[in-house]
Amino acid sequence: MRHEFARGHRRYLLSLDVDLFNAIVINRHWYGPGSRRHWRLQELFGCDAQARARFEAITQYLLKAGYQRM
C-alpha cells in the first residue's frame, strides 16, 4: 500500500510493504522538488495490526499537518 501527500512544494511518500523475511515495513520519504533537503525513514514491525495502526496514525498526522492526499 502506498500513499502520496503534498503540501505546497513539499512531498511525502508513505508505503507499507513486506520484506524478504516477512517483516512488515513502513517506508517514509519526504522531500521538496528542486531541493536537496530530503529524508527517509524505515520502521519494522512483526505484527500486521501494529503496522497498520502506525500507518493510519502517520496518515492522520499528515492530514492534520495540512498535507493533501494525491
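As a reminder, the structure under discussion sits directly above these lines.
Source: prediction; values computed, not measured.

Asks: Run through the nonpolar core, naming residues and quoting values.
Replies: Nonpolar side chains tend toward joint burial in soluble globular proteins. Core analysis: the biggest nonpolar cluster contains 12 residues, these being Phe5, Tyr12, Leu14, Leu16, Ile24, Ile26, Phe45, Ala51, Phe55, Ile58, Leu62 and Tyr67. Looking at this core, the elements with two or more residues in it are β2 (10-18), β3 (24-31) and α1 (48-64). No other element matches α1, which puts 4 residues into this core. When sequence neighbours within four positions are dropped, the list of residues in contact with isoleucine 26 reads Leu14, Ser15, Leu16, Leu41, Gln42, Glu43, Phe45, Ala51, Arg54, Phe55 and Ile58.

Asks: Which residues make up the side chain of arginine 28, and what are the values?
Replies: Following the sequence through the fold, arginine 28 ends up in strand β3. Side chain to side chain, arginine 28 and glutamate 43 meet in a polar contact 3.1 Å long. Beyond its immediate sequence surroundings of up to four residues, arginine 28 is in contact with Tyr12, Leu13, Leu14, Trp39, Arg40, Leu41, Glu43, Arg54 and Ile58.

Asks: How would you explain the packing of aromatic side chains if you had to name every residue and give the values?
Replies: Scanning the entire structure with this criterion turns up 2 aromatic pairs. Relative to tryptophan 30, the ring of tyrosine 12 lies with its centre 5.4 Å away and its plane at 10 degrees, an arrangement referred to as stacked. One end of the pair, tyrosine 12, is in strand β2; the other, tryptophan 30, is in strand β3, with 18 residues separating them in the sequence. On the basis of relative accessible area, tyrosine 12 is assigned to the buried category, the value being 5%. We classify tryptophan 30 as partly exposed; its relative accessible area is 22%. Taking 5.9 Å as the distance between ring centres and 65 degrees as the angle between the ring planes, the aromatic pair formed by tyrosine 12 and tyrosine 67 counts as edge-to-face. With a gap of 55 residues between them, tyrosine 12 in strand β2 and tyrosine 67 in the loop between α1 and β5 (68-69) connect regions that are remote in the sequence. Three or more aromatic residues joined by ring pairs make a cluster, and in this case those are Tyr12, Trp30 and Tyr67.

What counts and what doesn't
Residues numbered from 1 in each chain as written. Predicted model: local features only at pLDDT ≥ 70, side-chain atom pairs only at ≥ 80, totals over all residues. Heavy atoms only, no water. Core = buried A, V, L, I, M, F, W, Y, C linked by side-chain atoms within 4.5 Å. Buried < 20%, exposed > 50% of the residue type's maximum accessible area, 1.4 Å probe, protein only. Helix = DSSP H or I, 4+ residues; strand = E, 2+ residues; numbered from the N terminus. Contact = heavy atoms within 4.5 Å. Polar contact = N/O pair within 3.5 Å; in protein donor to acceptor, adjacent residues only side chain to side chain. Phe/Tyr/Trp six-rings, centres within 6.5 Å; stacked < 30°, edge-to-face > 60°.

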